[in-house]
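# Inside the fold
Each chain, written out:
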Amino acid sequence: MCPRDGFDLLVVGSANADLVVGVERRPGAGETVLGSDLVVHPGGKGANQAVAAARLGARTALLARVGDDGHGTLLLDSQRAAGVDVTGVLVGGAPTGVALITVDPSGDNSIVVSPGANARLSPEDVRAAAGRVRSARVVSAQLEIPLETVVAVVGTLAPGTRFVLNPSPPRALPDEVLGACDPLIVNEHEARVLLGDAAGPDPESWARALLARGPRSVVVTLGAAGALCADGRTGVLERVASPRVTVVDTTGAGDAFAAALAWRLGRGEDLASAAGYAARVGAAAVTQEGAQPSYPTPSALPAPCAGESGTR
């Protein structure tokens, strides 16, 4: 088992400055569309997950790389303000990563990421932080950092450490990474990319097909419809609902869900219970603008859906 003095959650991943513009509609090829004033928020899938978990009360640390620039300072300040341990955040090597985000009136977004320093987070960086990786109850990762770095994370895990992966942006994954996932968290787009022609017509078929590739469990996020949990140990598939909320901005909601799920699993909750709690966290996040600025504390969560325990 993991040492008691380790972190509840170590996030290994990206840290970006989110440059956000509101638009009436996203432009087509060759088209220019005027938008709102530019707003800069701290973001990046790794940094988002770390802040989301820390705001919920998890002892959280981040292993990432930022540039020695203003955007890097913005990201470090945001992590510290949320209570995240940033000892493992490396500075320099390239400019801080940047995400260019457009948000339409429905709250849906489109994102282009310039990885910057994220692309320099290396397997050597992971091995240098081996003690930190091995002491965590749960380690989460995403794919805005090099895949070989994620492979190094898997190879560094201690027995008893749970590994959670959101393969975003999606790409083919080696067997050793798939086999370590508990769970693999995907949305519809990520599931279809990973499965290719093997993707079936519905979330249940995606979950079964993904389980067959090696993960110990799979969670398919379904936006306002909640999530589907698939446990490879039991073969049980279970849907969890999401509270109904007014959507303002979906940026970073998936990261909030992943962070909450990882933390609650590390506390020993079963997959469906943890996913039900995570759905409430994700729902709260879409009611505010931005990614990290939208992440709730426990007191700000919407009420549990019918049939879900309020103590989860």
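Just above, that's the structure.
Basis of the calculations
- Residue indices follow the written sequence of each chain, beginning from 1 at its first position.
- In keeping with the model being predicted, local features are shown solely for residues with a pLDDT of at least 70 and side-chain atom pairs are shown and tallied solely at 80 or more, while totals for entire chains, interfaces and linings include all residues.
- Values shown for side chains rest on all heavy atoms present in the structure; no hydrogens or waters enter the calculation.
- Strands here are runs of E lasting at least two residues and helices are runs of H or I lasting at least four, both read from the DSSP assignment and numbered beginning at the N terminus.
- Two things to know: the radius of gyration comes from C-alpha atoms, and the globule rule equals 2.2 Å times the number of residues to the power 0.38.
- Think of it in three bands: residues with accessible area under 20% of the maximum for their type are buried, residues over 50% are exposed, and the middle band is partly exposed, with areas taken using a 1.4 Å probe on protein chains only.
- We call two residues contacting when some pair of their heavy atoms lies within 4.5 Å.
- Only four residue types enter the charge count: Lys and Arg as positive, Asp and Glu as negative, with His and the chain ends excluded.
- Charge coordinates come from a single atom per side chain, which is NZ of Lys, CZ of Arg, CG of Asp or CD of Glu.
- If DSSP finds at least two bridges between two strands, the strands pair.
- Axis definition: a line fitted to C-alpha atoms, over the contacting stretch in the case of helices. Angles run 0 to 180 degrees between N-to-C directions.
- Note on ring pairs: Phe, Tyr and Trp rings are taken, using the six-membered ring of Trp, and paired if centres are within 6.5 Å. Classes follow the plane angle, with under 30 degrees stacked, over 60 edge-to-face and the rest tilted.
- Take the buried Ala, Val, Leu, Ile, Met, Phe, Trp, Tyr and Cys residues and link them wherever side-chain atoms come within 4.5 Å; each set so joined is a nonpolar core.
- By definition, a salt bridge exists where a carboxyl oxygen of Asp or Glu is found within 4 Å of a side-chain nitrogen of Lys or Arg.

Below, the discussion takes up the overall build of the protein chain. A tally of helices and strands in the protein chain yields 10 helices and 13 strands. The C-alpha atoms of the protein chain give 18 Å as radius of gyration, which agrees with the globular expectation for 312 residues (20 Å, within 12%). Here the C-alpha coordinates of the protein chain stretch approximately 50 × 45 × 45 Å along the principal axes. Expressed as a percentage of its 312 residues, the buried residues of the protein chain come to 57%. Sequence separation of 24 or more characterises 65% of the internal contacts of the protein chain that already satisfy a separation of 6 or more. In the protein chain, the 26 positive side-chain charges and the 32 negative ones have mean positions that sit 6 Å from each other.

In this section: the sheet that holds strand 10 (residues 181-186). An order of 5-4-1-8-9-10-11-12-13 is seen for the nine strands of this open sheet, with the pairing classed as mixed. If you trace the sheet from one side to the other, it starts and ends with strand 5 (89-91) and strand 13 (237-240), each paired once. Put simply, the sheet's adjacent strands are angled 20 degrees from each other on average, direction ignored. As paired strands, strand 10 and strand 11 (residues 217-221) are joined by three bridges and run parallel to one another.

Turning next to the packing of aromatic side chains. Enumeration according to the criterion identifies one aromatic pair in this entry. With a centroid separation of 6.4 Å and an interplanar angle of 65 degrees, the aromatic rings of W263 and Y277 are classed as edge-to-face. In this pair, W263 is assigned in helix 9 (residues 253-266) and Y277 in helix 10 (residues 271-285), connecting sequence segments 14 residues apart. The exposure class of W263 is buried, given its relative accessible area of 8%.

This paragraph deals with the nonpolar core. Grouped together as the largest cluster of nonpolar side chains are 49 residues, with contacts concentrated most on L62, V219, F257 and L261. Here the element with the most residues in this core is helix 10; it accounts for 10 residues. If sequence neighbours within four positions are ignored, L62 has contacts with L10, V11, G46, A47, A50, Q79, V84, D85, G88 and V89. The next biggest cluster of nonpolar side chains, apart from the first, holds 42 residues, and it includes A129, A136, L178 and A209.

One open sheet holds the four strands; their spatial order is 3-2-6-7, and the pairing between them is mixed. Strands at the two margins of the open sheet, each flanked by one partner only, are strand 3 (39-43) and strand 7 (109-114). Sheet twist, expressed as the mean angle between neighbouring strand axes with direction ignored, is 25 degrees. Here strand 2 (residues 16-22) runs beside strand 6 (residues 97-103); their pairing, made up of seven bridges, is parallel. Its bridge partner being in strand 6, L19 is matched across the sheet by L100. Across the sheet, helix 2 (residues 70-82) is in contact with strand 2, strand 3 and strand 6; its angle to strand 3 comes to roughly 55 degrees.

Right, let's get into the pattern of salt bridges. Summed over the entire model, instances satisfying the criterion amount to 14 salt bridges. The shortest N-O distance in the salt bridge between R162 and D182 comes to 3.2 Å. Of this pair, R162 sits in strand 9 (residues 162-166) while D182 sits in strand 10; the two residues are 20 residues apart in sequence, bridging distant segments of the chain. Across the salt bridge formed by R264 and E269, the nearest N and O atoms sit 2.9 Å from each other. Each member of the pair R264 and E269 is classed as buried.

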